[in-house]
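Per-entry structural report
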Amino acid sequence: MAVPFLDLKISDPVIRDEMVSTLSRLIDTNSFIGGMEVDEFGREFGRYCGGGYCVPVANGTDALVLALKAIGIKSGDEVITVPFTFIATAEAVTLAGGEVRFVDIHPKSYTIDPALIEKAVTPRTKAIIAVHLFGQTADMDPINEIASRRGLKVIEDAAQAHGAEYKGRRAGVLADAACFSFYPTKNLGGFGDGGAVVSSSETIIKTITQIADHGRMDRYQHAVEGTNSRLDAFQAALLRIKLRKLEQQNERRRSIAEAYNQALVNNAFITSPHIETYAKHVFHLYTVQTSHRDVLMDQLKQNGIGCGVYYPLPLHLQPAYARLKHKRGDFPVSEQLSERIVALPMFGDMSDGQVQEVCRFLKSFSPNCRTV
Ligand SMILES: *Cc1c(COP(=O)(O)O)cnc(C)c1O
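Residues numbered from 1 in each chain as written. Predicted model: local features only at pLDDT ≥ 70, side-chain atom pairs only at ≥ 80, totals over all residues. Heavy atoms only, no water.

Some points on the pairing of strand E2 (residues 78–81)
Each regular strand shows side chains that alternate between the opposite faces of the sheet. Of the two faces of E2, the one lined by Glu78 and Ile80 and the one lined by Val79 and Thr81 are each fully buried. Strand direction decides the pairing type here: E2 and strand E3 (residues 99–102), joined by four bridges, are parallel. Within E3, the position partnered with Val79 by the bridge is Val100. For the crossover that starts at E2, traverses helix H4 (residues 88–95) and ends in the parallel E3, the hand is right-handed. Across three bridges, E2 lies against strand E4 (residues 125–131) in parallel orientation. By the bridge assignment, Glu78 is partnered in E4 with Thr125. (Buried < 20%, exposed > 50% of the residue type's maximum accessible area, 1.4 Å probe, protein only. Helix = DSSP H or I, 4+ residues; strand = E, 2+ residues; numbered from the N terminus. Pairing = 2+ DSSP bridges. Right-handed = clockwise from strand over helix to strand, strands pointing away.)

A closer look at the packing of aromatic side chains
Scanning the entire structure with this criterion turns up 17 aromatic pairs. With 5.0 Å between their ring centres and 80° between their planes, Tyr260 and Tyr286 make a pair best called edge-to-face. You can see Tyr260 sitting in helix H9 (residues 246–264) and its partner Tyr286 sitting in strand E13 (residues 286–289), a full 26 residues away along the chain. Residue class for Tyr260 comes out buried when judged on its relative accessible area of 0%. Among the aromatic residues, those joined into a ring-pair cluster are Phe5, Phe84, Phe86, Tyr110, Phe134, Tyr310 and Tyr311. Stacked on the ring of Tyr48, the Lys or Arg Arg170 has its end atom at 4.2 Å from the ring centre. (Phe/Tyr/Trp six-rings, centres within 6.5 Å; stacked < 30°, edge-to-face > 60°. Lys NZ or Arg CZ within 6 Å of the ring centre and 35° of its normal.)

Here's the deal with H4
Looking at H4, one finds that the buried residues are Ala88, Thr89, Ala90, Ala92 and Val93. Against helix H3 (60–70), E2, E3, E4 and strand E5 (153–157) lie the buried residues of H4. Directly beyond the C-terminal end of H4, a positive phi value near 105° is found at Gly97. (Contact = heavy atoms within 4.5 Å.)

Shown next as structure tokens:
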């Protein structure tokens, strides 16, 4: 049996029917951008995250840019984040007018190492973006403690962490503002682009709501120059339906992860992901480490099992950040990890048979003998 890395097909026919009839109803109501579905989705997603206000926007990258602008990032300001993340995290800093300053990740959590943050703070530092990578939150208490002592704002990049918890509280209410993406592959994914900012600060939410819609006060009265970053009604309506299933799907991801962990207990060549005691992990990705990556990926392929590498080259070594003049060795944890990681199949609708197939492979994998 072949097991894809990711399969986004809607497997529940009842849900699929509900989506089709919702779209059909929306076509007849001439709802395009914003409106009731978007407002309701914002309320429901904010409530889901633990009571923050929520502004739906066009995508996760915009969510980050808008949050940075709303906390006051401007030209010359520095924002601390990790080089081991999707490029959007760092791009958003530049797009907001600031400059990124990298800090390495912790070797176990794969999220920003709080012990390294203070050394990177300069008089120009204004904020920290904590990335909740692969579905596990960063260690927020020490991050928030440093930030409040040094007068910095903290933003969560929660694009991979819908529903993830830190000490019993969900991503979305763990810092000044949290940014989500609803790109189709995320734990809560739409049928196109989408994003949201969640925050407990009414001021931040009001600012973002305004700049995401051309700085409008009124139809043709503009308080400031803004941009166009709005969610459309189709995405919002479909996301509302999928949001009702998110807890169940995250639970399914955790049970798949548990099955993989069990299969790897006696495997000397593959290390399963570390789950922090503070965390409720939502396994956006299930990422293992191995010093035999080429062999592992080759054998997975021969067994028809999909896999991927997130991320093969840390941001500080990307041509896009050549201006920062970093070199190999600057962020050793990120560099080593990028050479050792492999993500295994993980999606909410994976069948028991598919999970068993991956487990069978993992139990017998050895870099020295073929497991086909
Ligand atoms: C997906 C992702 C984003 C960007 O989201 P888009 O909706 O694709 O713009 C930002 N940060 C991280 C960590 C992501 O995984």
